[in-house]
Amino acid sequence: MNTHEKDRESQGIELELQQCKRELEDTRQKLIHQEKMASIGEMTAGIAHEIKNPLNFVNNFSKLSIELIDDIMEDLNSGEALEDKLDDIKADLEDLKENIARIDEHGCRADSIVSSMLMHSRGGSSEKTDIDINQLLSEYVDLAFHGMKAKDRSFFSDISKEFDDKVQPVNVVAQDISRVILNIVTNGFQALRDHYKMPKPGDKPCLSVKTEHRGDGATIRISDNGTGIPEEVKARIFEPFFTTKPSGEGTGLGLSMSRDIIENHGGHLDINTAEGKGSEFQIFIPYSKS
């Protein structure tokens, strides 16, 4: 083979490698999109249930407020001396003020839930902001729980929340950290569902979330008393595309991407688990250096 033929062969191989690289990257982007859509689906199912609570409060307090206004108008139009009705009107106005405060409180809660959904569906901002990790964790645990309930009405789990009030705000990309939490908590609920398919007397499925303040950052612990992970599987769970879920239920990118996200924030993601004894994921996120 002469030099010219060797050059042509090398160029051909290089073109094939470039094409393979493009195809692999295209496949990777499609799988990432699929994983993101799965995350959005889990969260949307949770939102449909979670948002009912604040909306019920808004509706109920609105109705009570209308009744109070009717009472006030009746007193004003009764023809009696205003001085005789003044105490009743003042009491009704105080109740009305309290009702409006509750409407505002639960309206803001509903707005926060919808904003979370929009953040995921639109991709959100890639800019880092200071967030209250305790609030974010609490919110997404509730969304994941209601997401599971939406898919399986028989599912139940106790939820234990223990938040350290010394934890400081962390400077993160909120949509990325919320996706990590949603992924890990959903995995925990799925482990509980699988482990307690045939519950025995005294069985108590439980997911626990806990935060701890450290001098240089915040630690999040998410644990369950579900199926646990066998040692041979544990060694591979953070590999891209590795999954133990049935076909069509996941791409295997969840934990791999979750670890990448945490490491990109300067933190780390670890797991303690044993088959049949549950799992605990530990997330550390450093505080911003001033």
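Residues numbered from 1 in each chain as written. Predicted model: local features only at pLDDT ≥ 70, side-chain atom pairs only at ≥ 80, totals over all residues. Heavy atoms only, no water.

**Re the pairing of strand β5 (residues 217–224)**
And step 1. With respect to burial, β5 is a largely interior element, seven of its eight residues being buried.
And step 2. Between strand β4 (residues 206–214) and the antiparallel strand that follows it, β5, lie two residues.
And step 3. The pairing of β5 with strand β7 (residues 279–286) spans eight bridges and is antiparallel. Residue pairing in the sheet places Gly217 in a bridge with Pro286 of β7. (Buried < 20%, exposed > 50% of the residue type's maximum accessible area, 1.4 Å probe, protein only. Helix = DSSP H or I, 4+ residues; strand = E, 2+ residues; numbered from the N terminus. Pairing = 2+ DSSP bridges.)

**Remarks on a nonpolar patch on the surface**
And step 1. A cluster of nonpolar side chains, namely Ile69, Met73, Leu76, Leu82 and Leu86, defines an oily patch on the protein surface of about 430 Å² accessible area.
And step 2. Listed by contribution, the elements that provide at least two residues to the nonpolar patch are α2 (52–76) and α3 (82–122).
And step 3. Looking at which element gives the most residues to the nonpolar patch, the answer is α2, with three residues.
And step 4. Residue placement: Leu86 occurs in helix α3. (Patch = residues over 30% accessible without salt bridge, like charges linked within 9 Å, V, L, I, M, F, W, Y side chains within 5 Å. Areas by Shrake-Rupley, 256 points an atom, 1.4 Å probe, with all protein chains shown as cover. Salt bridge = Lys/Arg side-chain N within 4 Å of Asp/Glu carboxyl O.)

**Concerning the pattern of salt bridges**
And step 1. Considering all chains together, one arrives at 10 salt bridges under this definition.
And step 2. A salt bridge links Asp158 to Lys204; its shortest N-O distance comes to 3.6 Å. Note that Asp158 is positioned in strand β2 (residues 158–162) and Lys204 in the loop between α5 (174–195) and β4, a separation of 46 residues in sequence.
And step 3. Owing to a relative accessible area of 24%, Asp158 belongs among the partly exposed residues under this scheme.
And step 4. Relative accessible area serves as the criterion here: at 55%, Lys204 is assigned to the exposed category.
And step 5. For Arg221, the salt bridge identified is with Glu212, shortest N-O distance 3.0 Å.

From the geometry alone we can't say anything about function, so treat these as descriptive.
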